[in-house]
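Summary of structural features
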Amino acid sequence: MIFAGGTRFFSIGLSLPELLQLDRESMTEFWYDFDQALFNLFTLPLPSACAIAGHAIAGGTILALTCDYRLATAEKKLLGLNEVKLGVPVPYLADLILRQTVGDRSATELLYRGDFIDTEKALEIGLVDEVYQNEHLEERAVERIAKIATHPQHAFTTIKSNRLEAIRLRYEANNRSKNEEFLNCWFSLPVQKLLAIAAKKF
Amino acid sequence: MQKISIEDKGAVAILRLTNGVTNAIGPELVKDLSIASTQIRHDFCRWDPIFQYRFESS
């Protein structure tokens, strides 16, 4: 499976103007659905690659992290997780995947600072695996995945499940309490003010 | 699905976000993500004994 978006934005992240209209019950439903969607993509029993042709801001980077590989454009596009600046934690699953993908030190830098990085820096720290010109990006992603897809699926699925196992077990043990922590942050008054300012940029 | 498309490239599916220029993540896009991942599992997974339980229980 190849996950793709647009050439300006792979994804700008959460639709803040829309989500800030939701009351706690509706936001809770959305957040648990989003969390489940991320988990379903992460545990897809197929090889997956994200073709990042545009900016992958916050939730955009989170979507990309659910894939086995991330291939990005050679154009100057931004990735990163700025949640801390908005007063909310990164979704627990994304935090776990990020640490496994880039290592604890780089993940900590990204999460604590909340700064965006360009694709060159993302390649350097291992957040993306390869960089291509936009016109070749999806083609290369398809080639990479098609090659892996020729392997017997039983073996691949078992190997992938082994890779995901530690994260899956931690996620299943803690995701409910982590989701509630996120929602508590989201609905705190100072954070609502920060989110409202950020929503004006949409 | 309005916010996501699935393109069949033989052995590979392309799941493409189609929610305007920004592909902002809201309730409709998340609903479509869920439908799309279900469809891809159904159409492209030939063997899924390890994940099937987790998937069905979600």
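Residues numbered from 1 in each chain as written. Chains lettered and ligands numbered in written order. Predicted model: local features only at pLDDT ≥ 70, side-chain atom pairs only at ≥ 80, totals over all residues.

Some points on the pairing of strand 1 (residues 4-9) of chain B
Residues and elements named next belong to chain B. Bridge count between strand 1 and strand 2 (residues 12-17): six bridges; the pairing is antiparallel. Opposite S5, over in strand 2, you have R16 as the bridge partner. Where strand 1 folds back on strand 2, the antiparallel hairpin that results is connected by two residues, among which G10 adopts a positive phi of roughly 75°. (Pairing = 2+ DSSP bridges. Helix = DSSP H or I, 4+ residues; strand = E, 2+ residues; numbered from the N terminus.)

A word on the environment of A:R24
Within the element layout of this structure, A:R24 appears in helix 2 (residues 24-42). In sequence terms A:R24 and A:F187 are 163 residues apart; their C-alpha atoms lie 7.5 Å from each other.

A short note on unusual backbone geometry
In the Ramachandran plot, A:A58 falls in the positive-phi region, its phi being about 50° despite a non-glycine side chain. Along the chain, A:A58 turns up in the loop between strand 4 (55-57) and helix 3 (59-65). With a phi angle near 50°, B:N23 is a residue other than glycine that sits in the positive phi range. The residue B:N23 is located in the loop between strand 2 and helix 1 (27-44) in this model. Among the residues examined, B:N23 registers 29 C-beta atoms within 10 Å and is labelled buried. (Buried ≥ 20, exposed ≤ 12 C-beta atoms within 10 Å, placed from the backbone.)

Concerning the interface of chain B and chain A
Across the contact, 30 residues belong to chain B and 38 residues belong to chain A. For the side of chain B that touches chain A, the leading source of residues is helix 1 of chain B, giving eight residues. Of the residues that constitute the side of chain B that touches chain A, the class distribution is 18 nonpolar, six polar and six charged. Here strand 1 (residues 2-4) of chain A pairs with strand 2 of chain B via three bridges, running parallel. Residue pairing for strand 2 of chain B: A:F3 is matched across the bridge by B:L15. (Contact = placed C-beta atoms within 7 Å. Nonpolar A, V, L, I, M, F, W, Y, C, P; charged D, E, K, R; others polar.)

Some remarks on helix 5 (residues 92-102) of chain A
Residues and elements named next belong to chain A. The buried fraction of helix 5 is high, at eight of eleven residues. Buried within helix 5 are the following residues: Y92, L93, A94, D95, L96, I97, L98 and V102. The first or second residue beyond helix 5 is G103, which carries a positive phi of 90°.

Topic: the sheet that holds strand 2 (residues 9-11) of chain A
Residues and elements named next belong to chain A. Spatially, 2-4-6-7 is the arrangement adopted by the four strands of the open sheet, whose pairing is mixed. Every interior strand has two partners, whereas the edge strands, strand 2 and strand 7 (116-118), have only one. Recorded for the sheet is a direction-independent mean angle of 35° between the axes of neighbouring strands. Sheet analysis places strand 4 next to strand 6 (residues 78-80), joined by two bridges and oriented parallel. Across the sheet, I57 pairs through a bridge with G80, a residue of strand 6. (Axes fitted to C-alpha atoms, helices over the stretch in contact; angles between N-to-C directions.)

Regarding the sheet that holds strand 8 (residues 130-132) of chain A
Spatially, six strands are ordered 8(A)-5(A)-3(A)-1(A)-2(B)-1(B) in an open sheet, and the strand pairing comes out mixed. Edge positions in the sheet fall to strand 8 of chain A together with strand 1 of chain B, since each has one partner strand and no second. For this sheet, the mean angle separating the axes of adjacent strands, direction not counted, is 20°. The sheet contact formed by strand 5 (residues 69-73) of chain A and strand 8 of chain A spans three bridges and is parallel. The partner of A:L71 across the bridge, within strand 8 of chain A, is A:E130.

None of this, on its own, says anything about what the molecule does.
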